[in-house]
Amino acid sequence: MLDIKEKISELADKIKGDPKILAEFKSEPVKTLEKLLGIDLPDDQLKTLSEGIQAKLSADKLSGVLGGIFKK
């Protein structure tokens, strides 16, 4: 069984770690996820996964900003 939270975290790390993939994800999230996963899923499932990854990326970014503020 696929652990969605684990997959979101894995994909978010991969996307965040590669500026080219990040740019592709920002412009075409569903198409980028299809490419990364290597499987064809219905667009509504990919959209849900995309939203989870976007939330994870935003949370990671916010955490980095807040961490920098509180270290000062």
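These numbers were taken from a predicted model, which means no experiment stands behind them.

A few words now on the overall build of the chain. Across its full length, the chain holds four helices and zero strands. Starting at the N terminus and walking to the C terminus, you meet the elements of the chain as α-α-α-α. Out of the 72 residues belonging to the chain, those deemed buried represent 19%. Taking the contacts inside the chain whose residues are at least 6 apart along the sequence as the reference set, 46% of them involve residues at least 24 apart. Counting every atom, the chain has about 5,300 Å² of accessible surface; 58% of that belongs to carbon and sulfur.

On to the side chain of Thr32. Mapped onto the elements of the fold, Thr32 is located in helix α3 (residues 29-37). Residue class for Thr32 comes out buried when judged on its relative accessible area of 5%. Among all residues touching Thr32, those that are not within four sequence positions of it are Ile21, Glu24 and Phe25.

Another aspect to go through is the confidence of the model for the chain. Confidence in the prediction of the chain, expressed as mean pLDDT, is 81, and 82% of residues score 70 or more. The least confident element of the chain is helix α4 (residues 43-71), whose mean pLDDT is 74; the most confident is helix α2 (residues 19-27), at 93.

Since the α-helix turns once every 3.6 residues, residues separated by three or four places project in the same direction. Within the span of α3, buried status applies to Pro29, Thr32 and Leu33. Each buried residue of α3 lies within a common arc of 100° when the element is viewed along its axis, so the set occupies one face. Facing away from the buried side of α3 by more than 90 degrees, the exposed set consists of Lys31 and Lys35. Following α3 by one or two positions, Gly38 has its phi on the positive side, about 75°.

Rules used throughout
Residues numbered from 1 in each chain as written. Predicted model: local features only at pLDDT ≥ 70, side-chain atom pairs only at ≥ 80, totals over all residues. Heavy atoms only, no water. Helix = DSSP H or I, 4+ residues; strand = E, 2+ residues; numbered from the N terminus. Buried < 20%, exposed > 50% of the residue type's maximum accessible area, 1.4 Å probe, protein only. Contact = heavy atoms within 4.5 Å. Areas by Shrake-Rupley, 256 points an atom, 1.4 Å probe, with all protein chains shown as cover. pLDDT = per-residue confidence, 0-100. Arc of directions from axis to C-beta.

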